[in-house]
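# A closer look at the structure
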Amino acid sequence: MLLVATSTHAAPAAAQVDGSVGVGAGTVRYPGGTSFGSAILSPSVRWATRTLGADLSSSIASLPGGEWAGLGLVDLSAVTTPSAGGRELGVDAIFAGTTRTGGGPTAAAHALGELRWSAATWGAGVAAGPSTGLISGAPPVTALHTRARLWWRPGDGVTSPTVQLSFEPTHFPDGWFTDASAGATFERGRAVVSLWTVARLSSTYRSTAAGGASLQVFVSPRVSLEVGGGSSLSDPYQGLPRAGFITCALRFHKSPRAPRVAAVLRWAPLVPQARGDSLIVRFRMPDARTVAIAGNWNAWQPAPLRALGGDIWEGSLGLGRGVYHFNLLVDGSDWVVPNGVATVPDGLGGMVAVLIVP
């Protein structure tokens, strides 16, 4: 499978690039006992500036008999409100394809325009657009694809689970079907566990269900082991049946820069100073050209701080009462854990600072 995901969000002032690459193997089993193995390569890249970003995650599978399978996802969005959260306009696109030695190639494409809302612990989106599929030797088909989704992270800790729900009604040429899915991701220490299930509901087509799970364990800050398994729904656009799968891979992550130490002007945990309707935070950062703050209230997208002189940097936050986590980005490249502020593990072998709004 080839998967490409691109997204645009509020991001740092200086362009940053993060990436990883996974190599592994998998097996797929179709109804009737037909099964095959595959070799998988799955690179992932994230590029971000202050106002734009791109997430690209991909995998391509080499199948027996010289065949290939691919899947691609593109997610573009523009934030229309401040970094603390709010409305976004987005466009999603999905591309998929296979080559078949005996039956010719297949392809599918989906495009969705989406309006999104986001806050510190939740988000929602509604979307609609066309979908099309092509099976070699047959005319292409086109469908109206819609989607409503909701995601939230109960609690304030970095180890709180992320839960997602999605409903996708699609008007295929012969009638409607709806894919309803639910998923959750848990982070515990160096491990990340993801669970998901999906059901296809239709009075025209046969209703079916699928689900799966994956486990990612960071054996070091730059290397993780990934295993997964489950089943997938049939693909009416490419004529692919429902199938089961198992995968195993090693993923190599870009080496993070060693954080520098900042001297913060308040005691730990950091408690912002109220100024009108805003909350003010200040840090001392000698010799810094730019400083930005990123936390779990803004999906970890850095927001620039103002230079006040004397190595002091100030920012204003619009946060409700609660416990938050953050770090600083210095000169667009160095992630900083502020000195003198309480910290907790980030689940990936690092630490994040604690901010409390009483």
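Residues numbered from 1 in each chain as written. Predicted model: local features only at pLDDT ≥ 70, side-chain atom pairs only at ≥ 80, totals over all residues. Heavy atoms only, no water.

## A look at the overall build of the protein chain
The cut-off we apply is this: To qualify as a helix, a DSSP run of H or I must reach at least 4 residues; to qualify as a strand, a run of E must reach at least 2; elements of each kind are numbered from the N terminus. In this scheme, a residue with accessible area under 20% of its type's maximum is buried, one over 50% is exposed, and one in between is partly exposed, where area comes from a 1.4 Å probe on protein chains only. Note on contacts: a residue pair qualifies if any of its non-hydrogen atoms lie within 4.5 Å across the two residues. A 1.4 Å probe and the Shrake-Rupley method give the accessible areas. Residues count as covered only by the protein chains that appear here.
When you go through the protein chain residue by residue, the secondary structure sums to zero helices and 26 strands. Here the protein chain holds 358 residues, and the buried ones make up 37% of them. Within the protein chain, contacts between residues at least 6 apart in sequence are counted, and of these 55% link residues at least 24 apart. Element-wise, carbon and sulfur atoms account for 64% of the exposed surface of the protein chain, whose accessible area totals about 17500 Å².

## What about a nonpolar patch on the surface?
Selection rule: Exposure above 30% relative accessible area and no salt bridge define the residues that can form patches, which grow by joining like charges within 9 Å and nonpolar side chains of Val, Leu, Ile, Met, Phe, Trp and Tyr within 5 Å. Salt bridge, as used here: a side-chain nitrogen of Lys or Arg that lies within 4 Å of a carboxyl oxygen of Asp or Glu.
Nonpolar side chains collect at one region of the surface, where Val-23, Leu-41, Ile-60, Trp-68, Val-193, Leu-195, Leu-215, Val-219, Leu-225, Val-227, Leu-250 and Phe-252 lie side by side and expose about 920 Å² of accessible area between them. Counting only elements with at least two residues in the nonpolar patch, the list comes to β12 (191-201), β13 (208-220), β14 (223-232) and β15 (243-253). Turning to its location among the elements, Leu-195 is positioned in strand β12. In this structure Leu-195 comes out as partly exposed when scored by relative accessible area, which is 42%.

## A closer look at the nonpolar core
Note the cut-off: Residues grouped as a nonpolar core are buried Ala, Val, Leu, Ile, Met, Phe, Trp, Tyr and Cys residues, joined through side-chain atoms within 4.5 Å.
Membership of the largest hydrophobic core comes to 22 residues, with the highest contact counts inside it found for Phe-283, Ile-293, Leu-317, Leu-319, Phe-326, Leu-328 and Leu-355. Of all the elements in the fold, those that place two or more residues in this core are β18 (278-284), β19 (291-295), β22 (312-317), β23 (322-330) and β26 (351-357). Among the elements that line this core, the one with the most residues is β23, at four residues.

## Points about the packing of aromatic side chains
Stated formally: Within 6.5 Å between ring centres, the rings of Phe, Tyr and Trp (the latter by its six-membered ring) count as paired, and their orientation is classed by plane angle as stacked under 30 degrees, edge-to-face over 60, tilted in between.
For the structure shown, the criterion picks out four aromatic pairs. Ring centres 6.0 Å apart and planes at 55° place the aromatic pair Phe-283 and Phe-326 in the tilted group. Within this pair, whereas Phe-283 is found in strand β18, its partner Phe-326 is found in strand β23, the two being separated by 43 residues in sequence. Pair check on accessibility: Phe-283 and Phe-326 agree, each one buried. Pairing Trp-297 with Tyr-324 gives two aromatic rings, centres 6.0 Å apart and planes at 85°, and the pair type is edge-to-face. With Trp-297 in the loop between β19 and β20 (303-304) and Tyr-324 in strand β23, this pair connects stretches of sequence that are 27 residues apart. Here Trp-297 and Tyr-324 have matching classes, each one buried. Every member of this aromatic cluster is reached through a ring pair, and the members are Phe-172, Phe-177 and Tyr-237.

## Section: the environment of Thr-106
Formally: Two N or O atoms count as a polar contact when they lie within 3.5 Å, although within protein this holds only if one can serve as hydrogen donor and the other as acceptor, and sequence-adjacent residues are included solely when both atoms are side-chain atoms.
Tracing the backbone through its elements, the reader meets Thr-106 in strand β7 (residues 106-118). As a C-alpha pair, Thr-106 and Ala-138 span 32 residues in sequence and 9.9 Å in three-dimensional space. At 2.7 Å, the side chain of Thr-106 forms a polar contact with the side chain of Gln-238.

## Overview of the pairing of β12
Short version of the rule: Only when DSSP finds a minimum of two bridges between them are two strands counted as paired.
Sheet analysis places strand β11 (residues 175-188) next to β12, joined by eleven bridges and oriented antiparallel. The residue bridging Thr-178 from the neighbouring strand is Leu-201, located in β12. Where β12 lies against β13, ten bridges are found, and the strand directions are antiparallel. Residue pairing across strands places Thr-197 opposite Gly-211, the latter belonging to β13.

## Topic: the environment of Pro-338
Here Pro-338 lies in strand β24 (residues 334-339). Expressed as a C-alpha distance, the spacing of Pro-338 and Val-354, which sit 16 residues apart in the sequence, is 9.6 Å.

## Structural notes on the confidence of the model for the protein chain
So the rule is basically this: Confidence scores here are pLDDT values: one per residue, from the predictor, ranging 0 to 100.
Looking at the protein chain as a whole, the pLDDT averages 77, with 76% of positions reaching at least 70. Overall, residues 80-85 carries pLDDT values under 50, and its contacts beyond four positions in sequence, including any with other chains, amount to twelve contacts. Note that pLDDT drops below 50 for residues 263-267; the model gives that stretch 16 contacts with residues more than four away or on any other chain.

## A short note on the side chain of Glu-314
Tracing the chain through its elements places Glu-314 in strand β22. Residue class for Glu-314 comes out buried when judged on its relative accessible area of 4%. Engagement of the side chain of Glu-314 in a polar contact is seen with the side chain of Arg-275, the distance being 3.3 Å.

## Digging into the pairing of β26
The side chains of a regular strand alternate between the sheet's two faces. In terms of residue burial, β26 counts as a mostly covered element, since five of its seven residues are buried. In this structure, β23 lies alongside β26, joined through five bridges in antiparallel fashion. Note that in β26 the partner of Val-323 across the bridge is Ile-356.

## Considerations on the pattern of salt bridges
What the rule picks out here adds up to eight salt bridges. Note that Arg-147 and Glu-114 form a salt bridge whose closest N and O atoms lie 3.1 Å from each other. Of this pair, Arg-147 sits in strand β9 (residues 141-152) while Glu-114 sits in strand β7, and the two are 33 residues apart along the sequence. In this structure Arg-147 comes out as buried when scored by relative accessible area, which is 12%. When salt bridges that share partners are traced, they join Arg-275, Arg-282, Arg-306 and Glu-314 into one network.

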